[in-house]
There are 2 protein chains.
Amino acid sequence: MDREAEIFQSLADSTRLRLLHLLVRRGEICVCELTDALGLPQYNVSRHLRVLQHAGWLSDRKQGKWVYYRIKPELPLYQRTLLAAIAELEKHRHDLKEDAARARQRLKLRRGGLCCVGLVSKIGAATTSKSRNLKPRKVGNTR
Amino acid sequence: MDREAEIFQSLADSTRLRLLHLLVRRGEICVCELTDALGLPQYNVSRHLRVLQHAGWLSDRKQGKWVYYRIKPELPLYQRTLLAAIAELEKHRHDLKEDAARARQRLKLRRGGLCCVGLVSKIGAATTSKSRNLKPRKVGNTR
DNA sequence: AATATATATGCATAATAGCGCATGTGAGCA
DNA sequence: TGCTCACATGCGCTATTATGCATATATATT
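Residues numbered from 1 in each chain as written. Chains lettered and ligands numbered in written order. Predicted model: local features only at pLDDT ≥ 70, side-chain atom pairs only at ≥ 80, totals over all residues. Heavy atoms only, no water.

## What about the overall build of chain A?
Definition in use: A run of DSSP states H or I qualifies as a helix once it reaches four residues; a run of E qualifies as a strand once it reaches two. Both are numbered from the N-terminal end. Contacts are residue-level and defined by heavy atoms, with any inter-residue pair within 4.5 Å sufficient. The Shrake-Rupley method, run with a 1.4 Å probe, gives the accessible areas here. Residue values count only the displayed protein chains as cover.
Looking only at helices and strands, chain A features seven helices and three strands. Along the chain direction, N to C, the helices and strands of chain A fall in the order α-α-β-α-α-β-β-α-α-α. Intrachain contacts of chain A at a sequence separation of at least 6 include 65% that bridge at least 24 residues. When the accessible surface of chain A is summed, it comes to about 7,300 Å², and 51% of that surface belongs to carbon and sulfur atoms.

## Some words on helix 1 (residues 3-11) of chain B
We count it as follows: Note on exposure labels: buried denotes an accessible area under 20% of the residue type's maximum, exposed denotes more than 50%, and partly exposed covers the range between, all computed with a 1.4 Å probe on protein chains only.
For helix 1 of chain B, the full list of buried residues reads Glu4(B), Ala5(B), Ile7(B), Phe8(B), Ser10(B) and Leu11(B). Looking at the buried positions of helix 1 of chain B, the neighbouring elements they touch are helix 1 (3-11), helix 2 (14-26) and helix 5 (77-89) of chain A together with helix 2 (14-26), helix 4 (42-54) and helix 5 (77-88) of chain B.

## What about the pattern of salt bridges?
This is how the line gets drawn: Whenever a carboxyl oxygen of Asp or Glu lies within 4 Å of a side-chain nitrogen of Lys or Arg, that contact is scored as a salt bridge.
In this structure the tally under the stated criterion is 24 salt bridges over all chains. Among the salt bridges present, the one from Arg93(A) reaches Asp2(B), with a minimum N-O distance of 3.1 Å. Here Asp2(B) lies in the segment before helix 1 and Arg93(A) lies in the loop between helix 5 and helix 6 (94-108), a pairing that spans two chains. The buried category is assigned to Arg93(A), whose relative accessible area is 5%. The salt bridge involving Glu6(B) is made with Arg3(B); its shortest N-O contact spans 3.6 Å. With Glu6(B) and Arg3(B) both in helix 1 and three residues apart, this pair spans about one turn of that helix.

## Describing the sheet that holds strand 2 (residues 58-63) of chain B
Residue and element names in this part refer to chain B. Rules: The criterion for strand pairing is that DSSP finds at least two bridges linking the strands in question. Note on geometry: axes are lines fitted to C-alpha atoms, helical ones only across the stretch in contact, with angles between N-to-C directions running from 0 to 180 degrees.
One open sheet accounts for three strands, arranged 1-3-2; its pairing is antiparallel. Edge positions in the sheet fall to strand 1 (29-30) and strand 2, since each has one partner strand and no second. Summarising the sheet, strand 1 and strand 3 (residues 66-71) pair through two bridges and their orientation is antiparallel. Residue pairing in the sheet places cysteine 30 in a bridge with tyrosine 68 of strand 3. The strands that helix 2 touches are strand 1, strand 2 and strand 3; relative to strand 3, the one it contacts most, it runs at about 85°.

## Digging into the packing of aromatic side chains
Formally: Here the aromatic set is Phe, Tyr and Trp, taking the six-membered ring for Trp, and pairing holds for ring centres within 6.5 Å; pairs whose planes are under 30 degrees apart are stacked, those over 60 apart are edge-to-face, and all others are tilted. Charge-over-ring placement is defined geometrically: NZ (Lys) or CZ (Arg) within 6 Å of the ring centre, and within 35 degrees of the ring normal.
Under the defined criterion, the tally for this structure stands at zero aromatic pairs over all chains. Here Arg61(A) stacks its cationic end above the ring of Tyr68(A), 4.9 Å away from the centre of that ring.

## Quick word on the nonpolar core
For clarity, the cut-off: To form a nonpolar core, buried Ala, Val, Leu, Ile, Met, Phe, Trp, Tyr and Cys residues must be joined to one another through side-chain atoms within 4.5 Å.
Trp57(A) and Trp57(B) are the most contacted members of the largest nonpolar core, which has 70 residues in total. Filtering out sequence-adjacent residues up to four positions away, Trp57(A) remains in contact with Ile7(A), Ser10(A), Leu11(A), Leu20(A), Leu52(A), Arg70(A), Ile71(A), Lys72(A), Leu75(A), Gln79(A), Leu82(A) and Leu83(A).

## Comments concerning the sheet that holds strand 1 (residues 29-30) of chain A
Read from one edge to the other, the open sheet built from three strands follows the order 1-3-2 (chain A), with strand pairing classed as antiparallel. The open sheet has two free edges, formed respectively by strand 1 and strand 2 (58-63) of chain A, since each of these has just one partner strand.

Written as structure tokens, this is what we have:
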């Protein structure tokens, strides 16, 4: 598969569209926030992020235990056009609005720019629960 | 796979990007013309066209033995934005320019709006050769 | 040093996609 | 009526992909 087909391939998955959509809307978001916003297992989110990054969409930044992802700045025009199409998708898909709402709530919990400092007792967020890789309980309805 | 992921999936293939690109540029084109422009076996082109049509990109029109495909008019905004991205791709991919050049030559041969009237002896076009489904000999260089 | 948390990944499996080949279908023409 | 041509499709094969589970890695924290 050539380069451009790979880029389109990276968009050919509902989870990845949801991730990109959130990153387009909200800027830099860490994995645990994305995991909570989407209500999917962490390993799942992590792997889809890797696909998106490999396709050239994302850059990441490690800070402490967390990894923040964002849309790579300076994308070629056709990729920015594709992102515009994804943003436009929100008008067709209610689930993207729900993702955005959950993300908004989750991002409120940041303290000093950090994504989840001492959240365990506060909200019982999925990724900070005791059991590892437990499918997080749904924050809202997930389609 | 939901609707939008299916639409992106339909773009995640090099052959389909080439087909869409030609249809965006040239309007209505019949299968044999597309087959010659791409230099691929007819059954291959036919199947990819079906995928694109199923994803909602194309409408077709039968005329005699031929089937003409074109981009469906009145696509939702985000799909038109996607087509804009595909058109923009030409600046990154030389092969799309080559497709366009071969298509231009092939479309010149139309007579009275028909795609290939009595072309057999004239150009020995791939799809009009004696043997069925023989891989067409290359019209130009095909990557 | 031991433990807990955030993230990534190896492995097995099931689902899917593309391709080549042969053949079916339907229209036009001799 | 039979043949040819344009197009479509069923079948078998192979390659790729998504997912769940378990676990590795790395960075705090105690």
